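Understanding the architecture of this molecule
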Amino acid sequence: MTRTTLAVLAATLVLGRGLGAQQKPILDAAEALKPLSDEWTTYSGDYSGKRYSALKDINQASVKGLSLAWTVRLTGGLPAAGGGGFGGRGGGFGGPPANVVVGGEGAEEFAFGGTPGVKGAILKVGDVLYVTAPDNVWALDALDGHQLWRYFWKTRGGTHIGNRGAALWNNYLFFETPDNYLVSLDARTGKERWHVEIASFNEQYFSTAAPVVIGNHVLAGTGNDLDMPGFLQAFDPETGKLQWKTYMVPMKEGDPGLDTWPSLEAARHGGGQTWIPGAYDPETKLYIIGTGNPTPGYTGQGRKGDNLFTCALVAINVETGKMAWYYQTSPHDTHDWDSAQTPILIDGQIEGQTRKLVASASRNGWFTVVDRVTGEPVTSQPFGTTMNWVKNVRKNGQPEPDPGKEATVPGSLVSPVEGGVTNWPPGAFSPDTGFFYVHENNGFNLLYLTETDPRGSMGLAGKTVAGVGSFPSALRAIDYKTGKVAWRHEFPQGGGSGGILATAGRLLFTGDGGGNFVAFDATNGTPLWHTRIGSPSNAPETYMQDGQQYVLVAVNDALYAFTLNK
């Protein structure tokens, strides 16, 4: 949609006629299937998870001319008296207050009014950016960041640690709330269409995931840190009606994987949350998602076994919700090192054969490539420098955990640290270089067991942690064919931040852990440009607007858009 078209649309809405059925939707299903280029239509930009943009106006030769185009600071919470919110044109800078729509199931006295933090994807479709933070959605002009409308959800409570973004389908926007609602808005106005509860608030689920729309299915993950089962659900985008629900642990006698748990009761409380969106292969109709850690998180004595299908890559038929295959990347985890990181689809060559692959760098420091049609293992290698928790490697490439590295009463020296070698901020893959890019965080903890009851403890209880050492963290490029390091750029001031963007300009954009936003040479890791804006809180993105390529990144409540000086 062009800026002129949007202006016409706005005038039409003012006249009360709205969009006619004959008009093209903001985003149709065919557009969503295109590789990442001018727009950013879903969590990873496209369904592949690569975070590789075909845009190359900003490239190794021109990146030195990259300059700040605009910046805005977001304000959330209930609108001030008079209905005004933050904004630029139409919401600030001397203009009238922007529209703020309020919904929700909670009382106003519980409304979360803290400073919003952007920790997820920002959609860019047409001339509009769609930004989320817990309980808040903003529609901003992609050219200058001024606010078009804002939606605020009055919460019942829950864990407000982040929101990974929204999904778009036709003219409708979808996002999740910390108190477990899937909410659909009219993307043109912010007006709420419907909301449905997707998990039990009383069982302490909380929802941070970005929904993903595939065909006529809104896929919604959720989370829980208190021994409840993880699941993925599909909803009708028109009505919010549940289409299917697939659990990530066995839930009844006879379910596959039950023999990897000591009992059905242990399995039914075994975790495997769906924190982060997956990747989708339209040819196989498989949605491949990484699952969270088993629970209890740190005391595994009450759940001996591999604990399927936690810490695994799981392929699900998007039409039926049936599991097609799985590959567990971290059997019997006892460190809260979930494998929920978004996997990346790669069409590559292995020993001269063209293969449809899926790659994942997990929080446990293990890089894995499997055949995405069958789940057959292809490559398996560590990518952390100081890891010491693996006893040996199984024939199928799975790391065998060392029981001596579980928490003990006198203390166990373990690497990596609790946050893992990587975490939820996404990596990237460039088909130009053949490298998978990921942040590598290193360090050591002493883990002390504080719950010696053989039944273990609940949730994330049962141990204490003392940090005892560090080692330089880095941005790492991995050859997907071998799992071996191609290059490694160490960060002098801590671990990298905010996820990674790869582009056809042979650039990588990410944070360096020292408060810098950096463009690297994707072929060898040489820094080519940087700006000190603080540590990015989400993964950078890129898009085209009015003939200019922009690079967009968030630092907590502030958005920064960069473009070339011309």
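Residues numbered from 1 in each chain as written. Predicted model: local features only at pLDDT ≥ 70, side-chain atom pairs only at ≥ 80, totals over all residues. Heavy atoms only, no water.

**Focus: the overall build of the chain**
Here is the rule we go by: Each helix corresponds to a stretch of at least 4 residues labelled H or I by DSSP, and each strand to a stretch of at least 2 residues labelled E; elements are numbered beginning at the N terminus. Within these notes, the globule rule equals 2.2 Å times the number of residues to the 0.38 power, and the radius of gyration is based on C-alpha atoms. Burial classes follow relative accessibility: with a 1.4 Å probe on protein chains only, a residue under 20% of its type's maximum area counts as buried, one over 50% as exposed, and anything between as partly exposed. Here, residues are in contact when the closest pair of their heavy atoms is within 4.5 Å. In this description, accessible areas are obtained by the Shrake-Rupley approach with a 1.4 Å probe, and a residue is regarded as covered only by the protein chains that are shown. For the purpose of counting charges, residues Lys and Arg are taken to be positive, whereas Asp and Glu are taken to be negative. His and the chain ends are not included. Note on charges: their place is set at NZ of Lys, CZ of Arg, CG of Asp or CD of Glu.
When its secondary structure is counted, the chain shows three helices and 39 strands. A globule of 566 residues ought to have a C-alpha radius of gyration of about 24 Å, and the chain, at 23 Å, matches this closely. For the chain, the C-alpha atoms occupy an extent of roughly 70 × 50 × 45 Å along the three principal directions. When the 566 residues of the chain are sorted by exposure, 61% land in the buried category. The long-range fraction of contacts in the chain, counting pairs at least 24 apart against all pairs at least 6 apart in sequence, stands at 60%. When the accessible area of the chain is evaluated, it comes to approximately 20300 Å², of which 52% is carbon and sulfur surface. Separation between the mean location of the 44 positive side-chain charges and that of the 53 negative ones in the chain comes to 3 Å.

**Topic: the packing of aromatic side chains**
To keep it simple, the criterion reads: For Phe, Tyr and Trp, rings pair up if their centres lie within 6.5 Å, where Trp contributes its six-membered ring, and each pair is then called stacked (planes under 30 degrees apart), edge-to-face (over 60) or tilted (otherwise).
Evaluation of the coordinates by the stated rule reveals 21 aromatic pairs. Summarising the aromatic geometry, the rings of Tyr-205 and Phe-231 are spaced 5.4 Å apart at their centres and angled 50° between planes, so their arrangement reads as tilted. Of this pair, Tyr-205 sits in strand 12 (residues 205–206) while Phe-231 sits in strand 16 (residues 231–235), placing them 26 residues apart in sequence. Aromatic pair Phe-206 and Trp-275: ring centres 5.3 Å apart, planes at 50°, arrangement tilted. In this pair, Phe-206 is assigned in strand 12 and Trp-275 in the loop between helix 3 (264–268) and strand 18 (279–281), connecting sequence segments 69 residues apart. Note on Phe-206: relative accessible area 5%, which makes it buried. For Trp-275, a relative accessible area of 13% puts it in the buried group.

**Let's talk about the pattern of salt bridges**
When the charged atoms of two side chains with opposite charge come close together, those side chains can pair. Counted only if it meets this: Put simply, a salt bridge is a Lys or Arg side-chain nitrogen that is within 4 Å of an Asp or Glu carboxyl oxygen.
Taken as a whole and assessed by the stated rule, the structure comprises 22 salt bridges. Notably, a salt bridge pairs Asp-557 with Arg-73, separated by 2.9 Å at the nearest N-O pair. Of this pair, Asp-557 sits in the loop between strand 38 (548–555) and strand 39 (558–564) while Arg-73 sits in strand 2 (residues 66–73); the two residues are 484 residues apart in sequence, bridging distant segments of the chain. Between Arg-476 and Glu-440 there is a salt bridge whose closest N-O contact spans 2.8 Å.

**With respect to the sheet that holds strand 7 (residues 147–154)**
What counts is decided by this rule: Strand pairing is assigned whenever DSSP identifies at least 2 bridges connecting the two strands. Note on method: axes are straight lines fitted to C-alpha atoms, helices fitted across the in-contact stretch only, with angles between N-to-C directions ranging 0 to 180 degrees.
The mixed open sheet is built from five strands, whose spatial order is 3-7-6-5-4. The open sheet has two edge strands with one neighbour each: strand 3 (99–104) and strand 4 (123–125). On average, each strand axis in the sheet is inclined to that of its neighbour by 15°, with strand direction left out of account. Pairing geometry for strand 6 (residues 136–141) and strand 7, over five bridges, is antiparallel. Across the sheet, residue Leu-140 finds its bridge partner in strand 7, namely Gln-147.

**A few points about the sheet that holds strand 37 (residues 541–545)**
Within the open sheet, the four strands sit side by side as 2-39-38-37. Their pairing is antiparallel. Looking along the sheet, the strands with just one partner apiece sit at the ends: strand 2 and strand 37. Here the strands of the sheet are splayed against their neighbours by 30° on average, with no regard to which way each runs. With six bridges joining them, strand 38 and strand 39 adopt antiparallel strand pairing.

**Points about unusual backbone geometry**
In the segment running from Leu-308 into Phe-309, the intervening peptide bond is cis, with an omega of 5°. If you trace the backbone, Phe-309 turns up in the loop between strand 19 (286–290) and strand 20 (312–317). For Asn-180, which is not glycine, the phi torsion reads 75° and is therefore positive. Within the element layout of this structure, Asn-180 appears in the loop between strand 9 (172–176) and strand 10 (181–186). Classification of Asn-180 as buried rests on a relative accessible area of 0%.

**Thoughts on empty space enclosed by the protein**
The line we're drawing: Only protein atoms enter the 1 Å grid used here, on which a cavity is any set of points holding a 1.4 Å probe that cannot leave and a pocket is any open set flanked by protein within 12 Å on both sides along at least five of seven lines; residues with an atom within 4 Å of a point are listed as lining. Grid points are joined across faces, edges and corners, and a volume is the space filled by probe spheres set on the points. Three categories are distinguished: nonpolar for Ala, Val, Leu, Ile, Met, Phe, Trp, Tyr, Cys and Pro, charged for Asp, Glu, Lys and Arg, and polar for the others, with Gly belonging to the last.
Tallied over the entire structure, the rule returns seven cavities of 30 Å³ or more. Of the volumes computed, that of the largest cavity is approximately 60 Å³. Taken together, Gln-341, Thr-342, Ser-360, Ala-361, Thr-422, Asn-423, Pro-425, Pro-426, Gly-427, Phe-436 and Val-438 make up the lining of the largest cavity. Sorting the residues of the lining of the largest cavity by element identifies strand 23 (353–361) and strand 30 (435–449) as the ones contributing at least two each. Looking at the lining of the largest cavity, its residues break down into five nonpolar, six polar and no charged.

**A look at the pairing of strand 5 (residues 128–133)**
Where burial is concerned, most of strand 5 is hidden: six out of the six residues are buried. Taking every second residue as pointing to the same face, both faces of strand 5 are buried, with Val-128, Tyr-130 and Thr-132 on one and Leu-129, Val-131 and Ala-133 on the other. In this sheet, strand 5 lies alongside strand 4 in antiparallel orientation, the contact comprising three bridges. By the bridge assignment, Val-125 is partnered in strand 5 with Val-128. Linking strand 4 to strand 5, which pair antiparallel, is a turn of two residues; within it Gly-126 sits at a positive phi near 65°. With six bridges connecting them, strand 5 and strand 6 associate as antiparallel partners. Within strand 6, the residue paired with Val-131 across the bridge is Trp-138. Between the antiparallel neighbours strand 5 and strand 6 lie two residues, among them Asp-135 with a positive phi of about 75°.

**So, the confidence of the model for the chain**
The condition that has to hold: pLDDT is defined as a per-residue confidence score from the predictor, taking values between 0 and 100.
On average, residues of the chain carry a pLDDT of 92, and 93% of them reach 70 or more. A low-confidence stretch, residues 83–96 stays under pLDDT 50, and its non-local contacts, those more than four residues away or across chains, total 36 contacts.

**Points about the environment of Ser-200**
Our working definition: N or O atoms within 3.5 Å of each other form a polar contact, as long as, within protein, one can give a hydrogen and the other can take it, and as long as residues adjacent in sequence are counted only when both atoms are side-chain atoms.
Mapped onto the fold, Ser-200 is located in the loop between strand 11 (192–197) and strand 12. Exposure remark for Ser-200: the relative accessible area of 24% places this residue in the partly exposed category. The spacing of Ser-200 and Ser-48 is 152 residues in sequence and 31 Å in space, taken between C-alpha atoms. Setting aside its immediate chain neighbours within four residues, Ser-200 contacts Asn-180 and Tyr-205. One polar contact links the side chain of Ser-200 to the main-chain amide nitrogen of Glu-203, over a distance of 3.1 Å.

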